[in-house]
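# Examining the three-dimensional arrangement
Here are the chains, one letter per residue:
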Amino acid sequence: MDSISLLGIRIDKITFPTAMEAVKDFIESGTPHIIVTADASAVVIAQEDKVLAEIINSADLVTPDSSGIMIASKWYGSPLPQKVSGVDLAVEMADLAAREGYPMFLLGAAPGVAEEAARELVRRYPPLKIAGVRDGFFTDESEVVQAVAASGAKILLVAMGIPRQEKFIAGNMERMGISVGMGVGGTFDVLSGRVTRAPQWMRRHGLEWVHRLASNPKKITKVATLPRFLWMVLVDRLRRI
Ligand code: UDP
């Protein structure tokens, strides 16, 4: 698969349909695969967190999940074709899982949120089989791993934030027996209706972060990584001239 490197972190040059084709192949293969949906904060965190960097660079699929990543790819002269976000992939995977009968496990977010997100996905795709749900504030990791393994889930969505979700999937996917594990950040909060998504026009113009900040000022630390990321990219770009 064609990819680019942003500050040493791999991002795949894919479109939404090709990402879904890859998901189908991963599930049909029956062996464990990890998908990372990378945003600017993931690339910034991975500069210091070498374990995360290694997980992303060896992942089966790394999708561009933020406007910051899209802008940076243009600055490097190899623009990525399309933003492929975790929330959109999660919803499309639920549709696929419902059609093909693949059981799906939702792990993460505050107590009760994964249940509400699961209810919403089943409302949209009624034949969807939810293998299990679990909140993301546990202390006994091996017990959660066993619960996922025992559920028979083929697809695991993990909403515990970067890098915890990626480390959980990478460290446990063999034992959990899943075919696809994907970190989805705040997706369950959105699906459960606790957090609203930016309107279409804002998303089209790369302004999702404005909406995120306006609806939750506590997100300032995360949003502030965007200018930091762009600055790092600019410096790196100038160094290469
Ligand atoms: N979360 C969790 N366990 C933790 C920390 C966070 O389940 O130990 C959840 C949190 O409730 C939220 C999600 O992880 O639903 C992180 O969302 P956020 O939008 O911050 O993720 P990002 O995509 O920004 O990493």
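Going by the structure above, here's the rest.
Moving on to the layout of surface pockets. Sizing a probe to match a water molecule and rolling it over the atoms shows the empty space that remains. Considering only enclosed or pocket space, the largest pocket measures out at about 1300 Å³ in volume. Lining the largest pocket are 46 residues, with Gly 185, Gly 186, Arg 212, Lys 219 and Lys 222 positioned closest to its centre. Only α2 (40-48), α4 (67-75), α5 (86-100), α8 (164-176), α9 (187-191), α11 (208-215), α12 (220-223) and α13 (225-239) provide two or more residues apiece to the lining of the largest pocket. The greatest single-element share of the lining of the largest pocket, amounting to five residues, is contributed by α11. A class-by-class count of the residues in the lining of the largest pocket yields 16 nonpolar, 20 polar and 10 charged. If you add up the space inside the second largest pocket, you get close to 280 Å³. Residue assignment for the lining of the second largest pocket shows that the elements contributing at least two residues are α4 and α10 (200-204). For the lining of the second largest pocket, the element with the most residues is α10, which contributes three residues. In terms of residue class, the lining of the second largest pocket is built from one nonpolar, six polar and six charged.

Between side chains of opposite charge, pairing is possible as soon as their charged atoms come close. Tallying each qualifying case throughout the model produces 13 salt bridges. Of the charged contacts in the structure, one is a salt bridge between Asp 95 and Arg 99, with a shortest N-O distance of 3.3 Å. Of the two residues, Asp 95 and Arg 99 are both situated in helix α5; the distance of four residues between them amounts to about one turn of the helix. Taking the relative accessible area as the measure of exposure, Arg 99 reaches 52% and is therefore exposed.

What follows deals with unusual backbone geometry. It is generally the case that most residues other than glycine have a negative phi and that most peptide bonds are trans. A cis geometry characterises the amide bond from Ile 162 onward to Pro 163, with omega recorded as 5°. Considering the arrangement of structural elements, one finds Pro 163 in the loop between β7 (155-159) and α8. You will see that Ala 109, though not glycine, has its phi angle at about 70°, which is positive. By secondary structure assignment, the location of Ala 109 is in the loop between β5 (104-108) and α6 (113-124). Residue Ala 109 is classed as buried on the basis of its relative accessible area of 9%.

Let us look at the sheet that holds strand β3 (residues 33-38). Spatial ordering of the open sheet is given by β4-β3-β8-β7-β5-β6, a layout of six strands whose pairing is parallel. Of all strands in the sheet, those bounded by a partner on one side alone are β4 (61-64) and β6 (130-134). Averaged over all adjacent pairs, the angle separating strand axes in this sheet is 15°, with direction ignored. The pairing of β5 with β6 spans four bridges and is classified as parallel. Bridging from a neighbouring strand, Leu 106 pairs with Val 133 of β6. Across the sheet, α6 touches β5 and β6, and the angle it forms with β6 is around 155°.

Within the structure, the ligand sits among 15 residues, and Ala 109, Gly 136, Arg 164, Asp 189 and Lys 222 are positioned closest to it. Between the ligand and Ala 109, the relevant distance is 2.9 Å, taken from an oxygen atom to a main-chain nitrogen or oxygen of the residue. Between an oxygen atom of the ligand and a main-chain N or O atom of Gly 161, the distance comes to 3.5 Å. When the ligand sits alone it has 550 Å² of accessible area, and the protein chains cover 73% of it. For the ligand, the cavity whose grid points lie within 2 Å of the majority of its atoms is the largest pocket. Looking at the shell around the ligand, its residues break down into six nonpolar, five polar and four charged.

Conventions used here
Residues numbered from 1 in each chain as written. Predicted model: local features only at pLDDT ≥ 70, side-chain atom pairs only at ≥ 80, totals over all residues. Heavy atoms only, no water. 1 Å grid on protein atoms, 1.4 Å probe; cavity = no way out; pocket = protein on both sides within 12 Å on 5 of 7 lines; lining within 4 Å. Points joined across faces, edges and corners; volume = space filled by probe spheres on them. Helix = DSSP H or I, 4+ residues; strand = E, 2+ residues; numbered from the N terminus. Nonpolar A, V, L, I, M, F, W, Y, C, P; charged D, E, K, R; others polar. Salt bridge = Lys/Arg side-chain N within 4 Å of Asp/Glu carboxyl O. Buried < 20%, exposed > 50% of the residue type's maximum accessible area, 1.4 Å probe, protein only. Pairing = 2+ DSSP bridges. Axes fitted to C-alpha atoms, helices over the stretch in contact; angles between N-to-C directions. Contact = heavy atoms within 4.5 Å. Near = heavy atom within 4 Å. Polar contact = N/O pair within 3.5 Å; in protein donor to acceptor, adjacent residues only side chain to side chain. Areas by Shrake-Rupley, 256 points an atom, 1.4 Å probe, with all protein chains shown as cover. Sits in = over half its atoms within 2 Å of the grid points.

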